Amino acid sequence: MTVKLVYWDNIRGLAEPSHLLLQYIGEPFEYEKLPLSKEGMQKWRNEVRYTAGLKFANMPFLVDGETYVTQSLAVLKYLARKFGLVPKCEEELVKCEMIEQEISDLKSRMNNTCYDPFMTIPGFRPGSETGLFDHEFLKNQLTIRLEERIPMFDEWLSGGGFCVGDTVCYVDFLVYEFLDQLRRFLPSPFEGKAKVAAFLSKVEGLKGISEYFSSDVYKAGLHINGPLAKWTGKE
């Protein structure tokens, strides 16, 4: 039985690291996408999130036979264990989990910069009458953070391999995807970071990944964020 990944249509968002891992593995999988529309969101709200077996309902989620996995990192790490992409020794696992948390923190800051938590979403949530979302201020704060942290990634990747040695593991897909999202959003902190650029190119050249990036689906372009974001990642 093939695994099924479920997420929103035409968006990379939080599901793309798991999607890239599945592309790399090369085994058949199903990618079910709900339209990012009023109808699609209503289907999620009224139907899909009540799928039997789905605990802590959220998107993305994974179905593997009788196993249901929610939360994006849990999905990615489940697939990593299933397909043998978890470090074998404690030292490498610690490194893997450290960089996993670091890149997840940067992605969270990016989301907080792009999505207005005070916005009214008709039919789903009321807006705030007093909250003020300052996208440009948050964007500047994220730039400062990246100017501090991206050089650390450049040093971490100075060996010229992947995130943890010379062997691909699950965190490479997480780091690749979120660094790529961040560099498209705020390119200046990435300028001159040769080791980061080399790592991104290395992942792009992996079997399965390079074929996907050459596909018509990828070339057509996907939004990084949803349509409610201040920056969607696609012009």
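First things first, this report covers the structure right here in the doc. Model, not experiment: these values are computed from the prediction.

**Some words on the pattern of salt bridges**
Link 1 in the chain: Under the counting rule described, the total for this entry stands at 14 salt bridges.
Link 2 in the chain: Of the charged contacts, one joins R12 and D180 as a salt bridge, the two residues approaching to 2.7 Å between their closest N and O atoms. Of this pair, R12 sits in the loop between strand 1 (3-8) and helix 1 (16-25) while D180 sits in helix 6 (residues 170-185), placing them 168 residues apart in sequence.
Link 3 in the chain: Residues joined in a network through salt bridges with shared partners are R12, E177, D180, R183, R184 and E204.

**A short note on the sheet that holds strand 4 (residues 67-70)**
Link 1 in the chain: Strand order across the open sheet formed by four strands is 2-1-3-4, with mixed pairing between neighbours. Because the sheet does not close on itself, it has two edges, and the strands there are strand 2 (29-34) and strand 4. Here the average twist between neighbouring strands, direction ignored, is 20°.
Link 2 in the chain: Pairing between strand 1 and strand 3 (residues 61-64): three bridges, direction antiparallel.

**Overview of the packing of helix 6 against helix 7 (residues 194-204)**
Link 1 in the chain: It is at 10 Å that the axes of helix 6 and helix 7 come closest, and there the two elements cross at 120°. Classified by the angle their axes make, helix 6 and helix 7 are oblique. Read as a crossing pair, helix 6 and helix 7 show a hand that is left-handed. On helix 7, the residues that touch D172, V175, Y176, L179 and R183 of helix 6 are V196, F199, L200, V203 and E204.
Link 2 in the chain: Classifying every residue of the contact of helix 6 with helix 7 by side-chain character gives seven nonpolar, no polar and three charged.

**Digging into the environment of L22**
Link 1 in the chain: By the secondary structure assignment, L22 is in helix 1.
Link 2 in the chain: The class of L22 is buried, set by a relative accessible area of 2%.
Link 3 in the chain: Each C-alpha atom, one on L22 and one on M41, is 25 Å from the other, the two residues being 19 residues apart in sequence.
Link 4 in the chain: Once residues within four sequence positions are removed from consideration, L22 is found in contact with V3, L5, E27, F29, L79 and F83.

**Let's talk about the packing of aromatic side chains**
Link 1 in the chain: In this structure the tally under the stated criterion is seven aromatic pairs.
Link 2 in the chain: Their ring planes at 35° and their centres at 6.0 Å tell us that Y176 and F213 sit as a pair that is tilted. With Y176 in helix 6 and F213 in helix 8 (residues 209-213), this pair connects stretches of sequence that are 37 residues apart.
Link 3 in the chain: By relative accessible area, Y176 is classed as buried at 0%.
Link 4 in the chain: In this structure an aromatic cluster arises from ring pairing among Y176, Y212, F213 and Y218.
Link 5 in the chain: In this structure, K82 packs its charged tip against the face of F83, placed 5.8 Å from the ring centre.
Link 6 in the chain: The ring of Y24 has K207 sitting right over it, with the charged end atom 4.5 Å from the ring centre.

**A word on unusual backbone geometry**
Link 1 in the chain: Cis rather than trans, the peptide bond between M59 and P60 has omega equal to 0°.
Link 2 in the chain: Tracing the sequence through the fold places P60 in the loop between helix 2 (38-46) and strand 3.
Link 3 in the chain: Look at F56: it is not a glycine, yet its phi comes out positive at around 50°.
Link 4 in the chain: Looking at the secondary structure, you find F56 in the loop between helix 2 and strand 3.

**A word on the layout of surface pockets**
Link 1 in the chain: Considered as a void within the structure, the largest pocket measures approximately 930 Å³ in volume.
Link 2 in the chain: Lining of the largest pocket is provided by 31 residues; of these, W8, L36, M41, Y115 and L228 occupy positions nearest its centre.
Link 3 in the chain: Of all the secondary structure elements, the ones that give two or more residues to the lining of the largest pocket are strand 1, helix 2 and helix 4 (90-114).
Link 4 in the chain: Top element by residues in the lining of the largest pocket is helix 2. It accounts for four residues.
Link 5 in the chain: Class assignment of the residues belonging to the lining of the largest pocket gives a composition of 17 nonpolar, eight polar and six charged.

What counts and what doesn't
Residues numbered from 1 in each chain as written. Predicted model: local features only at pLDDT ≥ 70, side-chain atom pairs only at ≥ 80, totals over all residues. Heavy atoms only, no water. Salt bridge = Lys/Arg side-chain N within 4 Å of Asp/Glu carboxyl O. Helix = DSSP H or I, 4+ residues; strand = E, 2+ residues; numbered from the N terminus. Pairing = 2+ DSSP bridges. Axes fitted to C-alpha atoms, helices over the stretch in contact; angles between N-to-C directions. Parallel < 35°, antiparallel > 145°, perpendicular 65-115°, else oblique. Left-handed = near helix turned anticlockwise from the far one by under 90°. Contact = heavy atoms within 4.5 Å. Nonpolar A, V, L, I, M, F, W, Y, C, P; charged D, E, K, R; others polar. Buried < 20%, exposed > 50% of the residue type's maximum accessible area, 1.4 Å probe, protein only. Phe/Tyr/Trp six-rings, centres within 6.5 Å; stacked < 30°, edge-to-face > 60°. Lys NZ or Arg CZ within 6 Å of the ring centre and 35° of its normal. 1 Å grid on protein atoms, 1.4 Å probe; cavity = no way out; pocket = protein on both sides within 12 Å on 5 of 7 lines; lining within 4 Å. Points joined across faces, edges and corners; volume = space filled by probe spheres on them.

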